[in-house]
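# Structure at a glance
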Amino acid sequence: MPSLTAPRPVSTLPVSALHPVSRGVRLWRALTAQGPSSNRNARNLLITTTFALVAIGLLMVLSASSVELVAVGKSPFDTFYKQLMWMGIGSAALVVCAFIPLRTYRKLAWLILLGSFVFSLLVFTPLGVEVQGNRNWIGIGSLTAQPSEFLKLSIILWGGAVLTRKAKLLGNWKHLFVPVAPGAMIAVGLVVAGKDLGTAMVLALIAVSLFFFAGASPKLFLGGLAVGVVGTALAVVSSPNRMLRISAWLDPAAEGTAEGLGYQSAQALYGLAGGGVFGVGVGQSRQKVNWIPEAHNDFVFAILGEELGLVGALLVIVLFAVLAFSIYRISTLSKDLYVTYVCGGILVWIIGQAILNIAVVTGMIPVIGVPLPFISYGGSSMVAVLAAVGVLISCSRATDRKLPADAPA
């Protein structure tokens, strides 16, 4: 007897196409494909990842700062609103930088660098403000700014322009290092004079990356590394505070360490350990309640790890990896040497600084005081990194203009 049950519709898609792994493979192929839309895909991935990190940062700043604000009688949203304001200013900077033609950055490179030097020198005037022993801030009324954050981007734009212009002469080490090396040394010196060793290390890392992309020989790298190690060692031994930080990192269980300079690091580890795999929940951190001072700043990753757990921490790390991939794609899709230097420098800056911050929070290296890009509280850092993303978009748009609509990217 024939069945009266209606036959089930048969999917026209193969089973493999419905599998998450297959969807992931198709997404990867779309992102790495060579075609007219490749550059646009990389740019869209950059923008999406950037604002995903910013959104996580806003959430964590709100969570990490609200309890302490309530304790002193302020609105729990006070710090969040300030960070939201800086995000808005940074987004405006991103748009402006994105629509500035790439050739304009090259033409104005020297002016940008000199302007950054003048801005950085203001910290040694009456406008300068000392924060936790570092004189790298300026204050005007209730607003403060950290010039060294913008110095990072200016070194990249200027150094890339100089190296691009001297491309045929870079086989000679004198042309390779002059004037980029002296310019970078001045920038590092200005920051070290303000006692901010962490930012100085990031600036040095950016300069080294520019020489790497310019094709410096391994011998020159080893020499530069030796100079950097000696310089860092001298900066450490010349400061009792830095020596104590090194001691606290080498022996965190020493008597008094957990109550002294090693206090933040110890409490950060407690927070990360307490978060487990899935975290205690957004807003439920215990370490932010008078245990980690100013938890919304450089140690915000500890609060993130406690509230969102290992899963949330890995999500942030993956987002930074995707961001790095998008910058790499923008660079490789362009034939412009200046794009290579700019993209490479910004990639090393943002990803290198993220690695340093996470390494500090997890106790892998001593405390050096660098913010986690897009996530830590701070107006100067937020505006600077979003402006850098705008420059990357300008690089991508320059590639669009050079590609015919039907040509492979």
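Residues numbered from 1 in each chain as written. Predicted model: local features only at pLDDT ≥ 70, side-chain atom pairs only at ≥ 80, totals over all residues. Heavy atoms only, no water.

### Looking at a nonpolar patch on the surface
Residues Val277, Phe278, Leu310, Val311, Leu314 and Ile317 make up a contiguous nonpolar surface patch of about 570 Å² in total accessible area. Relative to the assigned elements, Val277 resides in the loop between helix H13 (263–275) and helix H14 (300–332). Assessed through its relative accessible area of 46%, Val277 is described here as partly exposed. (Patch = residues over 30% accessible without salt bridge, like charges linked within 9 Å, V, L, I, M, F, W, Y side chains within 5 Å. Areas by Shrake-Rupley, 256 points an atom, 1.4 Å probe, with all protein chains shown as cover. Salt bridge = Lys/Arg side-chain N within 4 Å of Asp/Glu carboxyl O. Helix = DSSP H or I, 4+ residues; strand = E, 2+ residues; numbered from the N terminus. Buried < 20%, exposed > 50% of the residue type's maximum accessible area, 1.4 Å probe, protein only.)

### Let's talk about the side chain of Thr79
Mapping Thr79 onto the fold places it in helix H4 (residues 78–99). Thr79 sits in the buried class, given a relative accessible area of 9%.

### Looking at the pairing of strand S2 (residues 134–140)
For strand S1 (residues 128–131) and S2, the ladder comprises 3 bridges, and the chain directions are antiparallel. Bridge assignment links Val129 to a residue of S2, and that residue is Trp137. Hairpin remark: S1 followed by S2, antiparallel, with 2 residues in the connecting loop; positive phi at Gln132, about 50°. In the sheet, S2 pairs with strand S3 (residues 143–145) via 3 bridges, with the strands oriented antiparallel. If you follow Ile138 over to S3, its bridge partner there is Ala145. A loop of 2 residues connects S2 with S3, the two strands running antiparallel in sequence, and Gly141 in this loop sits at a positive phi of about 65°. (Pairing = 2+ DSSP bridges.)

### Section: the sheet that holds S2
Spatially, S1-S2-S3 is the arrangement adopted by the 3 strands of the open sheet, whose pairing is antiparallel. The open sheet has two free edges, formed respectively by S1 and S3, since each of these has just one partner strand. The average undirected angle you get between the axes of adjacent strands in this sheet is 45°. (Axes fitted to C-alpha atoms, helices over the stretch in contact; angles between N-to-C directions.)

### With respect to the layout of surface pockets
Counted as a void, the second largest pocket has a volume near 1,100 Å³. Along the wall of the second largest pocket there are 28 residues; nearest its centre are Ala204, Val208, Gly224, Val227 and Gly228. Taken together, the elements giving at least two residues each to the lining of the second largest pocket come down to helix H9 (180–193), helix H10 (197–213) and helix H11 (218–237). When residues in the lining of the second largest pocket are grouped by element, the largest group, 10 residues, is from H11. Residues of the lining of the second largest pocket, tallied by class, amount to 23 nonpolar, 5 polar and no charged. (1 Å grid on protein atoms, 1.4 Å probe; cavity = no way out; pocket = protein on both sides within 12 Å on 5 of 7 lines; lining within 4 Å. Points joined across faces, edges and corners; volume = space filled by probe spheres on them. Nonpolar A, V, L, I, M, F, W, Y, C, P; charged D, E, K, R; others polar.)

### Comments concerning the nonpolar core
Grouped together as the largest cluster of nonpolar side chains are 95 residues, with contacts concentrated most on Phe320, Leu323, Ile346, Trp349 and Phe374. Ranked by residue count, the leading element in this core is helix H15 (residues 337–361), at 14 residues. (Core = buried A, V, L, I, M, F, W, Y, C linked by side-chain atoms within 4.5 Å.)

### Digging into empty space enclosed by the protein
Inspection of every chain in the model, using the stated rule, returns 1 cavity of 30 Å³ or more. Within this model, the largest cavity holds a volume of roughly 50 Å³. What lines the largest cavity is Ser120, Val123, Phe124, Asn136, Pro147, Ser148, Leu151, Leu190 and Val191. If one sorts the elements of the lining of the largest cavity by residue count, helix H7 (residues 147–165) sits on top with 3 residues. For the lining of the largest cavity, the per-class residue count stands at 6 nonpolar, 3 polar and no charged.

### Focus: the packing of H7 against H9
Remark: H7 packs on H9, axes separated minimally by 10 Å, with the N-to-C direction vectors making an angle of 175°. The orientation of H7 relative to H9 falls into the category roughly antiparallel. Packed against H7, whose contacting residues are Ser148, Leu151, Ile155, Trp158, Gly159, Val162 and Leu163, the element H9 presents Val180, Gly183, Ala184, Ala187 and Val191 at the interface. Tallied by class, residues from the contact of H7 with H9 come to 9 nonpolar, 3 polar and no charged. (Parallel < 35°, antiparallel > 145°, perpendicular 65-115°, else oblique. Contact = heavy atoms within 4.5 Å.)

### Looking at the packing of aromatic side chains
Counted according to the given criterion, the structure contains 6 aromatic pairs. Here Phe212 and Phe213 contribute two aromatic rings whose centre-to-centre distance is 5.4 Å and whose plane-to-plane angle is 70°, an arrangement assigned as edge-to-face. Of the residues examined, Phe212 reaches a relative accessible area of 53% and is grouped as exposed. The exposure class assigned to Phe213 is partly exposed, which follows from its relative accessible area of 32%. By way of ring pairs, the aromatic residues Phe77, Phe80 and Tyr81 are connected into one cluster. Here the guanidinium or amino end of Arg106 rests over the ring plane of Tyr338, the centre of that ring lying 5.5 Å away. (Phe/Tyr/Trp six-rings, centres within 6.5 Å; stacked < 30°, edge-to-face > 60°. Lys NZ or Arg CZ within 6 Å of the ring centre and 35° of its normal.)

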